[in-house]
Protein chains: 2
Amino acid sequence: MGPATTLEEVAAHAGVSRQTVSNALNAPEKLRPETLRHVRTVIEELGYRPDTKARGLRTRSSGLIGYCLVPQQPGSVNVFLDQFLEALTAEVERSGRHILLFTAEPGGDGLKVYADLLASRAVDGFVLSETQVDDPRHEWLATRGVPFVSFGRTWTGSQPGHCVDVDGASGIAEVVRHLASHGHKRIGFLGSHQQTPVTDDRIRGWRETCNEAGLEVSDRLLACTTAKGERGKDLAAKLLDLPDPPTALVAANDALALGAYAELAARDLRPGAEIAVTGFDDSPSAAVVTPSLTSVRQPVAEIASRVVELLDVAQSPATTELFTPELIVRESSAELNLPGP
Amino acid sequence: MGPATTLEEVAAHAGVSRQTVSNALNAPEKLRPETLRHVRTVIEELGYRPDTKARGLRTRSSGLIGYCLVPQQPGSVNVFLDQFLEALTAEVERSGRHILLFTAEPGGDGLKVYADLLASRAVDGFVLSETQVDDPRHEWLATRGVPFVSFGRTWTGSQPGHCVDVDGASGIAEVVRHLASHGHKRIGFLGSHQQTPVTDDRIRGWRETCNEAGLEVSDRLLACTTAKGERGKDLAAKLLDLPDPPTALVAANDALALGAYAELAARDLRPGAEIAVTGFDDSPSAAVVTPSLTSVRQPVAEIASRVVELLDVAQSPATTELFTPELIVRESSAELNLPGP
């Protein structure tokens, strides 16, 4: 291993002063965005890593950003959040910081953990994910002047602090337009837990776009999971039992779409041949199942990058930014074309 | 929120001295295992959280354990490691510590990051995962007296430090015994990257158990991915093209098994009806694909718990402990019974 890169070397390579490099690390809001981006690029190219301990002493910061892992159901995983965490870890390292992982219960009970981390100065701020309706964390942190950025909306009137989220409605709108262009006239929707905002948002994308395309929009084409433990297979069965069943099933997530695959197999219908099926999340399963599943990919790297940018200007007026996800067309919808009317 | 639990309250509830509670947190190797377990249970029951900053000053420790997220291929994930990280985060919190996440290149190039974290006293030790053959980290850390535990073997003669791993050979042995009990006589194996130790270990489990059960063991029943970009689908095709193809395909991971599903679909063969298929890892896909996939589950919570126990006695003589994974029988193998000879 060669000697470590110094702050002076970064300044020389970037053609800026030591103070500008220092600001890029400790007070990025003082720099113009172009300058900040330039200095960060040089920091990365040279592999410069500030001495976080020394920085801690100078600026009384820990160099750590707290991130809560909400315990999943046993056997369950949220692959998308795992990808986000990986991207986030790499992003905060660009300014010599790291992620401190912790666990906390959702809701008010978990706030004690946030309080403890702040009291012990273990972290300088937080990145929030797995937001809930009326999530208490945003207001609690904002009131205390703690820097944070939320990945995910609270879906209430007020959204304290910066927020980055995925525009689920526009993702589903793209799916519906894709299916309409293949001649589908009756497009069913499989949703989870109706009356949660994320599902409602995706249902809205389905309704509005079917409407725009002059397709049927009615509740008989909408099936959502209920407390009764219904799953994607049951929802698909409901819609397939209609006298004039839909020719395409748009699911609010990949797990529901794969549940629909099971029901289609039981009826000897092949996804992508007799009926189109689409998912949402572009989970690893989507690419490997047979037939491969058309899905919607969330731009995880871009989201993580923007979250960290906003964290550095956490005290500026709150913004909410939505990213448009990307339609990934695969076998479950690609080849199926229906004749015109 | 009520007032925080104090160390004195923990001592009173546990019926031990303040010093014993303190040792449980800062010098667990001084306590008998039963005592340590008892005090930790009380710490958890009362929700006691030591002030990590104060502890840092007293013991010059950071209260943080470093964990490296090796960047995955874009779009790729290792769900099993994500589950491990979640369990690990919860485990280290039982003694008031947290995980510090960082990224580093595999191999010698990444050691600079470990050196920086130690130099800045950002972490007290490391949990290693994604080990490689001739992984340089173990020797490097051991030489410097840095506490660490490895999840995964280095597969070389020497294994410095404590190591916990999954016994892949015994997992595959269980799969083969399950298939043999259903009357299968020719069991093919689909492996990834032959001549990596993890695959070799699983192949050994297949060979030895087929041998024990009096079944054919020959290289013509073994298909492994090569540098040519072959995938599960191609491997399955090779074995199905044999004049007397196997009646069961044992895959070294779930992705290969799902690739085999695609080849079977192309040949109008149903997994679990005309031919048995099994995977390894029990990824989320395994339970949701049609038909659901028999797989092998690694005991992630137990592994994380043991890793943290060993971290607290990192200076004791090195041990390597193997956990036996669990066979999860699903539709792809459950119902298919072959007639006797």
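Residues numbered from 1 in each chain as written. Chains lettered and ligands numbered in written order. Predicted model: local features only at pLDDT ≥ 70, side-chain atom pairs only at ≥ 80, totals over all residues. Heavy atoms only, no water.

### Comments concerning the side chain of Ser 332 of chain A
Residue and element names in this part refer to chain A. With respect to the helices, strands and loops of the structure, Ser 332 is situated in helix H14 (residues 331-334). Assessed through its relative accessible area of 0%, Ser 332 is described here as buried. Side-chain polar atoms of Ser 332 contact the backbone nitrogen of Thr 294, separated by 2.8 Å. (Helix = DSSP H or I, 4+ residues; strand = E, 2+ residues; numbered from the N terminus. Buried < 20%, exposed > 50% of the residue type's maximum accessible area, 1.4 Å probe, protein only. Polar contact = N/O pair within 3.5 Å; in protein donor to acceptor, adjacent residues only side chain to side chain.)

### Overview of the sheet that holds strand S9 (residues 276-278) of chain A
Residue and element names in this part refer to chain A. In space, the four strands of this open sheet follow the order S7-S6-S8-S9, with parallel pairing throughout. One side of each edge strand has no neighbouring strand; the edge strands of this open sheet are strand S7 (222-224) and S9. Ignoring which end each strand starts from, the neighbouring axes of this sheet average 15° apart. Pairing of strand S6 (residues 187-191) with strand S8 (residues 248-251) involves four bridges; the strand directions are parallel. Note that in S8 the partner of Ile 187 across the bridge is Ala 248. Lying over the sheet, helix H8 (residues 168-181) contacts S6, S8 and S9, oriented at roughly 170° with respect to S8. Against the sheet, helix H10 (residues 232-240) contacts S6, S7 and S8, and its axis sits at roughly 155° relative to S6. (Pairing = 2+ DSSP bridges. Axes fitted to C-alpha atoms, helices over the stretch in contact; angles between N-to-C directions. Contact = heavy atoms within 4.5 Å.)

### Considering helix H9 (residues 197-212) of chain A
Residue and element names in this part refer to chain A. If you check H9, its first and last C-alpha atoms are 22 Å apart, about what 16 residues at 1.5 Å a residue would give, namely 22 Å. Taken residue by residue, H9 has Pro 197, Thr 199, Asp 201, Arg 202, Ile 203, Gly 205, Trp 206, Thr 209 and Cys 210 as its buried positions. Buried residues along H9 sit against H8, S6 and S7. Downstream of H9 by a residue or two, Gly 214 has a phi angle that is positive, lying close to 75°. (Expected span 1.5 Å × (residues − 1).)

### Examining the pairing of strand S3 (residues 125-128) of chain B
If a strand is regular, its side chains alternate between the two faces of the sheet. Residues and elements named next belong to chain B. What you see with S3 is no split at all: Gly 125 and Val 127 on one side and Phe 126 and Leu 128 on the other are buried throughout. In this structure, strand S1 (residues 64-68) lies alongside S3, joined through three bridges in parallel fashion. When the bridges of S3 are listed, Gly 66 appears paired with Phe 126. Sheet analysis places S3 next to strand S4 (residues 148-151), joined by three bridges and oriented parallel.

### Comments concerning the nonpolar core
Counting residues in hydrophobic clusters, the biggest one holds 82 residues, and the most contacted among them are Ile 187 and Trp 206 of chain A together with Ile 187 and Trp 206 of chain B. Aside from chain neighbours lying at most four places away, what touches Trp 206 of chain B is Ile 172, Val 176, Ile 187, Gly 188, Phe 189, Ser 218, Leu 221 and Leu 222 of chain B. (Core = buried A, V, L, I, M, F, W, Y, C linked by side-chain atoms within 4.5 Å.)

### A short note on the confidence of the model for chain A
Residues and elements named next belong to chain A. On average, residues of chain A carry a pLDDT of 88, and 91% of them reach 70 or more. Predicted confidence for residues 52-58 stays below pLDDT 50, and this span has 15 contacts to residues more than four positions away or in other chains. Scored by ipTM, the complex comes to 0.78, with pTM at 0.79. (pLDDT = per-residue confidence, 0-100.)

### Overview of the sheet that holds strand S9 (residues 276-278) of chain B
Residues and elements named next belong to chain B. The sheet built from four strands is open, its strands ordered S7-S6-S8-S9 with parallel pairing. Every interior strand has two partners, whereas the edge strands, strand S7 (222-224) and S9, have only one. On average, each strand axis in the sheet is inclined to that of its neighbour by 15°, with strand direction left out of account. Inspection of the sheet shows strand S8 (residues 248-251) paired to S9 by three bridges, in the parallel sense. Pairing of Ala 248 across the sheet is with Ala 276, part of S9. Its contacts with the sheet put helix H10 (residues 232-240) on strand S6 (187-191), S7 and S8, and the angle it makes with S6 is roughly 155°.

### A closer look at the packing of aromatic side chains
Within this structure, the stated rule accounts for 14 aromatic pairs over all chains. Taken together, a centroid distance of 5.7 Å and an interplanar angle of 40° make the contact between Phe 189 of chain A and Trp 206 of chain A tilted. Taken together, the residues Phe 189 of chain A in strand S6 and Trp 206 of chain A in helix H9 connect sequence positions 17 residues apart. Here Phe 189 of chain A matches Trp 206 of chain A in class, with each residue buried. Each ring, one from Tyr 67 of chain B and one from Phe 84 of chain B, has its centre 6.2 Å from the other, and the planes form 50°; the classification is tilted. Taken together, the positions of Tyr 67 of chain B in strand S1 and Phe 84 of chain B in helix H5 (residues 79-93) put the pair 17 residues apart, joining distant regions of the chain. Every member of this aromatic cluster is reached through a ring pair, and the members are Tyr 67, Phe 80, Phe 84 and Phe 151 of chain A. One residue, Arg 202 of chain A, lies across the ring of Phe 280 of chain A, its end atom 3.7 Å from the ring centre. (Phe/Tyr/Trp six-rings, centres within 6.5 Å; stacked < 30°, edge-to-face > 60°. Lys NZ or Arg CZ within 6 Å of the ring centre and 35° of its normal.)

### A word on the pattern of salt bridges
On inspection of all chains with the given rule, the structure shows 44 salt bridges over all chains. Across the pair Arg 204 of chain B and Asp 201 of chain B runs a salt bridge whose closest N-O atoms are separated by 2.8 Å. In this pair, Arg 204 of chain B and Asp 201 of chain B are both assigned in helix H9 (residues 197-212), three residues apart and thus about one turn of the helix distant. The exposure class assigned to Arg 204 of chain B is partly exposed, which follows from its relative accessible area of 39%. The structure contains a network of salt bridges with shared partners spanning Arg 153, Asp 165, Asp 201, Arg 204 and Glu 208 of chain A. (Salt bridge = Lys/Arg side-chain N within 4 Å of Asp/Glu carboxyl O.)

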